[in-house]
Amino acid sequence: MNLQIDEPRPFKLVSPASVEEAVGLWHEHRGEAMYLAGGGDVLDMVKRQLARPTVLLDLKRIAALRGVTANITAPQPSVTLGSLTTLRELAEDENVRRYLPALATAASRVATPQIRNVGTLGGNLLQENRCPYFRGPWDCYRHGGMHCYAYHGFHREHAIFAGDRCYVVSPSDLAPVIVAGNALVHVHGRKGPRTIDAEELFVPASKNLMRMHCLDEGEVLTAVEFRVREAPQPRHLAPHDLGIRGTVSPLPVDKRFPSVFIKFAMRNSFDFALASVAVFLDRDGRRVNRCRIALGAVAATPYRAFDAERVVAGNLLSSEVIHEAGRAAVRGAEPLALNAYKVGLVQKLVTEALQELSA
Amino acid sequence: MSDDATAKPSKPASPSRRSFLTGVGITAAGVVGAGMAIRQGKEEPSAEELSTPRAASVSDLTLQVNGKSVNVSAPDHRSLLLVLREDLGLTGTKKGCNLGECGACTVLEDGRPIYACLQLAKDAVGKQITTIEGLETDGRLHPLQQAFIDHAGSQCGFCSPAMIMSGAALLLEHPRPTPEQVRMAISGVVCRCGNYPHEVAAILAAAGASAAPTGERPVFPLAAGRNKPYPRSDVDPPVEIHRDAASQAIAALQRSPRPLDGYAKATGRARYAGDIGFHPDDPFRQPLFAKAVRSPHAHASVVSIDDRKARALSGVRAIATYRDVKAAMRGHRTFLSERARFAGEAIAVVAADTQDLAQQALDLVHVEWDVRQVFPDIEENLKRDNREIHADGSVCGFGGPQPADVPTWEARVGNIEAGFAEADVIVEGRYVTSRQVTLPIETHVCTAMWKGEDLHVWDSQQSVFAARTVLASTLGMPEERVHVYADYVGGGFGGKCLDYPDEDLYQLYAAILAKQTGRPVRFEYTLNEEMASGDSRHPFIFETRWGLKKDGTITAQYWKVLADTGGYASSGPAVVLIACLRLVGSYRTPNYTVEAYGVYSSNQVGGEFRGFGGLQATVAQELHVDKVAHELGINPLEFRLKNTKRAGDLINNDIPYGAADIDATVRRAAERIGWDRWQPPSAKTSLKRRGLGMMQGPMPSGREASDGLVWIDRNGTVHLRLGTGNLGNLAHTGMAVVVSEVLGVPVDEMRVTWAYTDRDAWTFTTDSSRSVPCDGKAAYNAAKDCQRQLLALGAKHLGTPEAQLEVRGGMVSRRGGSGGVDFRTLARLAPPRTDFRPFWEPVDQNPWLDQNTGKTDPTPDMVVTEATLAAAKRLLAEGGIVGLGRYVYDLSTNAWGSCFAEVDVDMTTGQVEVLRLVVAHDIGRVLYPAGAESQIHGGAMQGLGYAMTEHLVLDPHSRIAVNASYYEYRPPTSLDYPEMVPILIEAPSRSGPFGAKGLGESPIFGPAPAIGNAILNATGVLIPQIPYSWDRVHDALKAAGKLVTAEART
């Protein structure tokens, strides 16, 4: 029982000036070091002594990791967000509000004003799951055990999709936004920088039970880049995701690629989502060319509602289409004994999100 | 699996934290039950850590705090919060959860609010830090601080500095905010007292903002806000007070006093128990820090404790285990027994130089456990009279454990069979209530210090005299050698009453360690300890059967009541008793039977909490009343008014109810909610259905005896010495109003002290809504005693008969005349008092139950206790006039209350939105309107939590709490409460001060049953279990075939 613990084991706080230095220090203290951003999750885990590092590498002093860069007039317009940009900065940034309203909303719905003042984009995306058994004194799958205590115990807030032995959910509010927005994630490790698709950042339980994201040891998430309009030839050619066609549209960029995010939490402050949804559209007039829908807090990763996307793509956002998409979004849901309510909630959120975009 | 994870990098390639999750392993020697494996949360320490603490990296920092540069030497891992509080003595910033979940530590960093507990001090270098102490300029208060004083912005005051800092940050950006912006701005701070409406009002007032929204866009877009009715854009409606005619004649009621402690709380000057020890003028400095080793098993016994390694750790000063306490005490949980009867029970305690070392020492205490089977099911435990937990029986009785065939309490009145035989309709029900925790923002904390043979304890304690009695008896000391101080308490709600010897006696641990070390020892609960190992509200199971005539007349009531008292009895029997009195005392029934059992289990111990059994019973009974009315087809309001007990009816076949204006209490609230819109559920067909629900009934209003002590010193200043704990109930101001009226001295000019055993009047435990009706009446009598002496002295001095004199405006004057003689002159003339009999009137002497003998004395001795006598004699040595009062509670005093709720239920998801709560209380006399209003807000807020979200969930197998954090337990925030309409009615009681009755607990009673009944009214489905969590409502609608499914919905 670690009920009695709320102060950390002593550690050294080091503030590297560059990403390269940070990565170098991490490897110098390999196995002993953790990166520190806003601290909302890391300091919580360190204070509960769920983690006992001897060195914390504070990334906040690295200026290059901070800020919003909008490049709208370029041939391939994009908005790039430094990973240490605070949630409040994201919520208030004019470019984010205009071109990525879903992201601004999601950032403004995280926790509390105090947390948003220090919490960062990168920290929010990479935070650990909130399963009370994982964070409590239970030897569960994610700790190398052979049992899911939540499945056999209290799991009102656990996964309804893609549970596989473990039923934790992705707690991040920003994660479904970067997945729905098909963003690129820039990371920097010992071998230098690399870029991955947002969707690949998150690791489903079926792939690896022990981790929530795919960053290699010592890698730093440096930035998230949203392509406001994608390249004609998508780099990543999954059959379900052919990117957005490079057709000419009379609509301005922010009207042509609208997005929305809705979170439902039990309290309007502090709480992690019971479910959330992020939707990004590519449309000409009222007709939707492409649609990406990602659900938060219903699976270990942001969960793509492919069936619902297919219902919407190529159609007008009519009431029938919207309700059909809502029903499609929960197809395949496998609720546990205590969380069947999430199915109706997800359907409602998807429906509401599409209604908002059709208005 | 139990290898040291830090020494060996873990397999996954995650960059950071996965590598450091603590090692997994089971150090328990015995069998682990039911496929369960508990990680001990500690790794086997490395060899070097056995004897030496992990070296801290210490730096000399220069911080910018409140506009000044401050040099401080602090280790890298030390939070800004601890540096501000413990190193710089800036204790206005409060430590609540310490994990970023409550917001009490909010400070400004470069003008923006942050949590100081989640900021490292070293990280704050170069930033401008502003704390509550930095808001004053040149000794003048910030407008926000003044507004918090003027608008009763504080109840317990523990979150006030954080609320004020949040408000200050808002005003920097939005000088004229809307109510919605204010609610958003303070949404990062939890006010467990539920005083949000006053906090919002205070911030709006400070901004000079108009009540009307200005149309400015919200601080943050509220995408999900539209799924709920909150946050609302309007201001909270003001309290509606219905004064009776006699109120007009009471001069003190025509003034509106400020709260006595408003200044201290709005400026951060109020020193709570955990704040003491860090200022130059504190009675002690540099305490040792204590921590408890707790059982990870819900049921186990200790085979051995090996604390040698912990003792060897440098900086560890003392360790106490059950071996260090008397054998006679070992049966009690509190004395570190060698048996754990719930998960989290304390087994050993450690004191060390720093908190870091105390924590580290915990890992080095190796406990070998014999793990036993857990018995979480009270129905099963009762059925087979399970003696595994306590050998003498499975039921907790007033005299200890007893067999299952002996109820804790029972009543058999009339002929129950005949009652059911004459009934037209029989309605049965089964109701289950939840495990709510008090969750004060200030966790339990104390510091104990010995001066010779005297024990001094600074405690977060509701009830200093009860604590003194328990500590003295468990330590085997005379009471007068134990001194307990509790100036300010950061929320209590019942959980900080030390009045049973088998509560978690952390004060005792601190005292034992302080004795061993000769140093002051501080023991502070972490948030997790507070929630997971502290006491919680008893969960109850009620089974009932009512017989009724078709016209709604009740012919018989049968109740079987089971309360989960957990591993120990504690307050269990008393809670069961109060629940039963509520069941039998609400509705007129000629034939009734109640069989009630407090049952032991392997669960968290049931404890004291606002409502104390009566709340649980109210939930069951008021839900059942609606079920009955629903089945009979009668409007539930009319059914209640037809059957409710009224003045003169017997509570339980013995004592009659005193005066209460039930019709006004119910009907006025019904008008405000719009009860005329009430329609049966069959009339509703839409996807979103509106429902109205209500409850009504008698409310607690005190118990036991109180002393009063008022002193007029040689300068003529009036001192009121209240034994009442100041847990934020604002009752002290009300009691000061009482004395102000008797002596004609404004509240602002009196000196009021409270809750120190050597100085203030003895009183019974500060609980059961008794402060104003009982302590207030004793204070009234003490003031009358002063008045009596003043008149006698005045008569002598003025040469006028007493009958022609009156006490008025700090003078003794001739009736109707001017001039006279002031208190100062008379106080100097007063001869030393030799007769210490207190003042009282015949209504104050009431039958008193001696809990030791079980006998009731119809005419108890009306004398003050030793403690009050000693305090009075000390005062007399300084001269002046000492007034003494005494009051013994009149059992027929009852406040009355009603609550109405309006809800929307989404039939497609089961989501419940509470739109409005109307809460009406007859409190006899409204002494302090702002205080009464805030009690209603706060009680209803906790009742809302009890209804909708709050329930400490125990894992079904290990019985360890799985949601022991603010995040998962979810007390309401400033964005989570609906429109609340408080109403106050005056129907004076026979013996309360100016007729005042209790209010402290009352407002929590209404929301849970009223909301449940509103859900029934909306959907036709009764949810017989609280909280009405989303999953529960969803599943109940589905089971009833009422859920509109995905296919049907378009």
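Residues numbered from 1 in each chain as written. Chains lettered and ligands numbered in written order. Predicted model: local features only at pLDDT ≥ 70, side-chain atom pairs only at ≥ 80, totals over all residues. Heavy atoms only, no water.

**Focus on the sheet that holds strand S30 (residues 805-808) of chain B**
All names here are of chain B.
1) Next: Across the sheet, which stays open at both edges, the 3 strands sit in the order S30-S31-S32 with antiparallel pairing between neighbours. If you trace the sheet from one side to the other, it starts and ends with S30 and strand S32 (821-822), each paired once.
2) Next: In terms of strand pairing, strand S31 (residues 811-814) meets S32 through 2 bridges, oriented antiparallel. Following the sheet pairing, Val812 is matched in S32 by Val821.
3) Next: Sitting on the sheet, helix H20 (residues 771-798) touches S30, S31 and S32, and the angle it makes with S30 is about 125°. (Pairing = 2+ DSSP bridges. Helix = DSSP H or I, 4+ residues; strand = E, 2+ residues; numbered from the N terminus. Contact = heavy atoms within 4.5 Å. Axes fitted to C-alpha atoms, helices over the stretch in contact; angles between N-to-C directions.)

**Some thoughts on the pairing of strand S28 (residues 718-722) of chain B**
Residues and elements named next belong to chain B.
1) Next: Within S28, 5 of the 5 residues are buried, leaving the element largely enclosed by the surrounding structure.
2) Next: Residues Val718, Leu720 and Leu722 point to one face of S28 and His719 and Arg721 to the other, with burial holding for every one of them.
3) Next: Pairing of strand S27 (residues 705-712) with S28, which is carried by 3 bridges, proceeds in the antiparallel orientation. In the sheet register, Ile712 faces S28, and the bridge partner there is Val718.
4) Next: The hairpin turn running from S27 into S28, its antiparallel successor, is 5 residues long, and Gly716 in that turn takes a positive phi close to 85°. (Buried < 20%, exposed > 50% of the residue type's maximum accessible area, 1.4 Å probe, protein only.)

**What to know about the packing of aromatic side chains**
1) Next: Overall, the coordinates contain 27 aromatic pairs over all chains when judged by the stated rule.
2) Next: Taking the centre distance of 4.3 Å and the plane angle of 10° together, the rings of Phe161 of chain A and Tyr303 of chain A count as stacked. Of this pair, Phe161 of chain A sits in the loop between helix H8 (132-135) and helix H9 (175-180) while Tyr303 of chain A sits in strand S12 (residues 303-304); the two residues are 142 residues apart in sequence, bridging distant segments of the chain.
3) Next: For Tyr303 of chain A, a relative accessible area of 25% translates into the label partly exposed.
4) Next: Relative to Trp896 of chain B, the ring of Tyr657 of chain B has its centre 5.5 Å away and its plane inclined at 70°; by these criteria the two rings are edge-to-face. Taken as a pair, Tyr657 of chain B in the loop between helix H17 (636-643) and helix H18 (662-673) and Trp896 of chain B in strand S36 (residues 895-906) lie far apart in primary sequence, 239 residues in all.
5) Next: Taking the relative accessible area as the measure of exposure, Tyr657 of chain B reaches 5% and is therefore buried.
6) Next: A residue is classified by how much of its surface remains accessible, and Trp896 of chain B, at 1% relative accessible area, is buried.
7) Next: Just above the ring of Trp450 of chain B sits the side chain of Lys515 of chain B; from NZ or CZ to the centre is 4.1 Å.
8) Next: The lysine or arginine in question, Arg537 of chain B, covers the ring of Tyr946 of chain B, its NZ or CZ lying 5.0 Å from the ring centre. (Phe/Tyr/Trp six-rings, centres within 6.5 Å; stacked < 30°, edge-to-face > 60°. Lys NZ or Arg CZ within 6 Å of the ring centre and 35° of its normal.)

**Regarding the sheet that holds strand S37 (residues 912-922) of chain B**
Residues and elements named next belong to chain B.
1) Next: A sheet is described by the order of its strands in space; here 5 strands give the open sequence S6-S38-S37-S36-S26, paired in mixed fashion. Where the open sheet ends on each side, the last strands, each with one partner, are strand S6 (240-242) and strand S26 (688-699). Taken over all neighbouring pairs, the strand axes of this sheet differ in orientation by 15° on average, direction set aside.
2) Next: Pairing of S6 with strand S38 (residues 979-985) involves 3 bridges; the strand directions are parallel. Residue pairing in the sheet places His242 in a bridge with Ile985 of S38.

**Describing the pattern of salt bridges**
1) Next: Within this structure, the stated rule accounts for 92 salt bridges over all chains.
2) Next: A salt bridge links Arg468 of chain B to Glu479 of chain B; the nearest nitrogen and oxygen atoms lie 3.8 Å apart. Here the residue Arg468 of chain B occupies a position in helix H12 (residues 464-475), and Glu479 of chain B occupies one in the loop between H12 and strand S19 (482-485), the gap between them amounting to 11 residues.
3) Next: Put simply, Asp663 of chain B and Arg646 of chain B hold a salt bridge, and the shortest N to O gap is 3.1 Å. Of this pair, Asp663 of chain B sits in helix H18 while Arg646 of chain B sits in the loop between H17 and H18, and the two are 17 residues apart along the sequence.
4) Next: Put simply, Arg156, Glu157, Arg267 and Asp271 of chain A together with Arg970 and Asp1031 of chain B are held in one network by salt bridges that share partners. (Salt bridge = Lys/Arg side-chain N within 4 Å of Asp/Glu carboxyl O.)

**A word on the confidence of the model for chain A**
1) Next: On average, residues of chain A score 92 in pLDDT, and 94% of them are at 70 or above.
2) Next: Of the regions scoring below 50 in pLDDT, residues 231-248 of chain A engages in 28 contacts with residues more than four places distant in sequence or in other chains. (pLDDT = per-residue confidence, 0-100.)

**Section: the nonpolar core**
1) Next: Membership of the largest hydrophobic core comes to 303 residues, with the highest contact counts inside it found for Ile178 and Phe226 of chain A together with Phe523, Phe639, Leu743, Ile1011 and Tyr1028 of chain B.
2) Next: Tallying contributions element by element places H20 of chain B first for this core, with 11 residues.
3) Next: Ignoring anything within four residues of it in the chain, the contact list for Phe226 of chain A reads Pro77, Ser78, Val79, Leu81, Leu100, Leu103, Val177, Ile178, Gly181, Ala183 and Phe280 of chain A.
4) Next: Within the second largest apolar cluster, 38 residues are counted, among which are Leu274, Leu295, Val330 and Ala353 of chain A. (Core = buried A, V, L, I, M, F, W, Y, C linked by side-chain atoms within 4.5 Å.)

**Brief notes about the interface of chain B and chain A**
1) Next: Taken together, the contact pairs 116 residues of chain B with 110 residues of chain A.
2) Next: When chain B packs against chain A, close to 10,200 Å² is buried across both sides, 54% of that on carbon and sulfur atoms.
3) Next: At the boundary of chain B with chain A, the tally comes to 10 salt bridges.
4) Next: Put simply, Lys60 of chain A and Asp123 of chain B hold a salt bridge, and the shortest N to O gap is 2.6 Å.
5) Next: Inspection of the chain B/chain A interface yields 32 residue pairs in polar contact (both at pLDDT 80 or more).
6) Next: Elements represented by at least two residues in the side of chain B that touches chain A include exactly strand S4 (112-115), helix H4 (160-173), helix H5 (179-185), strand S7 (288-294), helix H9 (355-364), helix H14 (527-533), helix H24 (966-969) and helix H26 (1030-1039) of chain B.
7) Next: The greatest single-element share of the side of chain B that touches chain A, amounting to 6 residues, is contributed by H9 of chain B.
8) Next: Its residues placed into classes, the side of chain B that touches chain A shows 50 nonpolar, 37 polar and 29 charged. (Buried area = accessible area lost by both parts, 1.4 Å probe. Polar contact = N/O pair within 3.5 Å; in protein donor to acceptor, adjacent residues only side chain to side chain. Nonpolar A, V, L, I, M, F, W, Y, C, P; charged D, E, K, R; others polar.)

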